[in-house]
Amino acid sequence: MKKYRLGVIGAGNMGMAIARGMVAAGTPAAEVLLFNRTPEKRADRAAEGFSVTDDYVSLYQQSETVLLAVKPQTFPEVLGHLAEVAKANQPLVVSIAAGVSFAKIEAALGANCPIVRVMPNTPLMLGEGATELVKNAAATDEQLARVRALFDSMGVTVVFTAEDKLNDVIPFAGSAPAYIYTFADAMARSAENYGVAYDDALKLFCQTLIGAAKMMLKGDHTPDELVRAVCSPGGTTLEAMQVLRERDLAGILDQANRNCIRRAYELGK
């Protein structure tokens, strides 16, 4: 029997959010083993009650589930070391790296290694994540359900059967917070041109984002119907929407999404 329920290789912001989510779901912190190279960070994590290590190969050997939360550029190094012990160990591997395919992980850890690829976004750190999941052939439906339940506790999830969909959906969840932050900053800076304080405008805009999102999630009306409900004939919003249409906001976003998806496939090569 493995000593730890979860081992986290890469205990940064996202790795820690998932580790804390596991604890919030009922796993004792001591049964979560965290790898970090920095002694100070290991001490901080240990102070929270987590188990810590500076040896991720040992972590892989001792954990029921291993979360790979390192950057895609670090994967070759990590997988190279794990490959040395992979044949004798078959934990469930959960990867949150964009563009790192099943084929790359299986080449190091074996085709019989159960893997669930997960694409969370940063609001997960507040328990408001939007996460996509897909399993490889070696992972069971029960293992997928277990991973999904963890991420359901930190937001909403969608499961795909085709691995490529994790690349195709990146702009609409994984990268989308950056779009929204950019839009919010632009709106607040625009408000300053008309004598409205940046912080006041940002507060109002953020609350409007929350309310608008809830109205769309209700599902009573399509986004287009909700737009029309705001646009009174001859009114102020209609004037603003005309500019967005003339500047082809939809086309700009589609090109941004296209570039985002292309890069995800490039990372997987």
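Data block above holds the structure.
Residues numbered from 1 in each chain as written. Predicted model: local features only at pLDDT ≥ 70, side-chain atom pairs only at ≥ 80, totals over all residues. Heavy atoms only, no water.

(A) Structural context of the pairing of strand 2 (residues 32–35). A two-sided burial pattern is seen for strand 2, the buried positions comprising V32 and L34 on one face and L33 and F35 on the other. Alignment of strand 1 (residues 4–9) against strand 2, held across four bridges, turns out to be parallel. Along strand 2, the bridge assignment pairs G7 with L33. Since strand 1 and strand 2 lie parallel, the crossover through helix 1 (residues 13–24) that links them has a hand, and here it is right-handed. Relative to strand 3 (residues 51–53), strand 2 runs parallel, the two being bridged by three bridges. Note on strand 3: the bridge partner recorded for L33 is S51. Between the parallel elements strand 2 and strand 3, the chain passes through helix 2 (residues 39–47) in a crossover that is right-handed. (Buried < 20%, exposed > 50% of the residue type's maximum accessible area, 1.4 Å probe, protein only. Helix = DSSP H or I, 4+ residues; strand = E, 2+ residues; numbered from the N terminus. Pairing = 2+ DSSP bridges. Right-handed = clockwise from strand over helix to strand, strands pointing away.)

(B) The packing of helix 8 (residues 176–192) against helix 9 (residues 198–218), seen in detail. Running from N to C, helix 8 and helix 9 point in directions that differ by 135°, and their axes come no closer than 8 Å. For the element pair helix 8 / helix 9, the angle class is oblique. Considering how the two elements wind past one another, helix 8 and helix 9 form a crossing that is right-handed. Every residue of helix 9 that contacts helix 8 at I180, F183, A184, D185, M187, A188, R189, A191 and E192 is listed here: Y198, A201, L202, F205 and L209. Grouping the constituent residues of the contact of helix 8 with helix 9 by class yields 11 nonpolar, no polar and three charged. (Axes fitted to C-alpha atoms, helices over the stretch in contact; angles between N-to-C directions. Parallel < 35°, antiparallel > 145°, perpendicular 65-115°, else oblique. Left-handed = near helix turned anticlockwise from the far one by under 90°. Contact = heavy atoms within 4.5 Å. Nonpolar A, V, L, I, M, F, W, Y, C, P; charged D, E, K, R; others polar.)

(C) Fine view of the pairing of strand 8 (residues 155–159). Pairing geometry for strand 7 (residues 129–135) and strand 8, over five bridges, is parallel. Within strand 8, the residue paired with E132 across the bridge is V158. The parallel pair strand 7 and strand 8, bridged by helix 6 (residues 141–152), forms a crossover whose chirality is right-handed.

(D) Summary view of the nonpolar core. Among the nonpolar cores identified, the biggest contains 31 residues, and I9, Y60, L68, F75, L82 and L109 are the most heavily contacted of them. Elements represented by at least two residues in this core include exactly strand 1, strand 2, helix 3 (56–62), strand 4 (63–68), helix 4 (75–82), helix 5 (102–109), strand 6 (115–119) and helix 12 (249–267). Beyond its immediate chain neighbours, meaning those up to four positions away, F75 contacts L68, V70, G80, S95, A97, V100 and I105. Counting residues in hydrophobic clusters, the runner-up holds 28 residues, among them L6, M14, A17 and F50. (Core = buried A, V, L, I, M, F, W, Y, C linked by side-chain atoms within 4.5 Å.)

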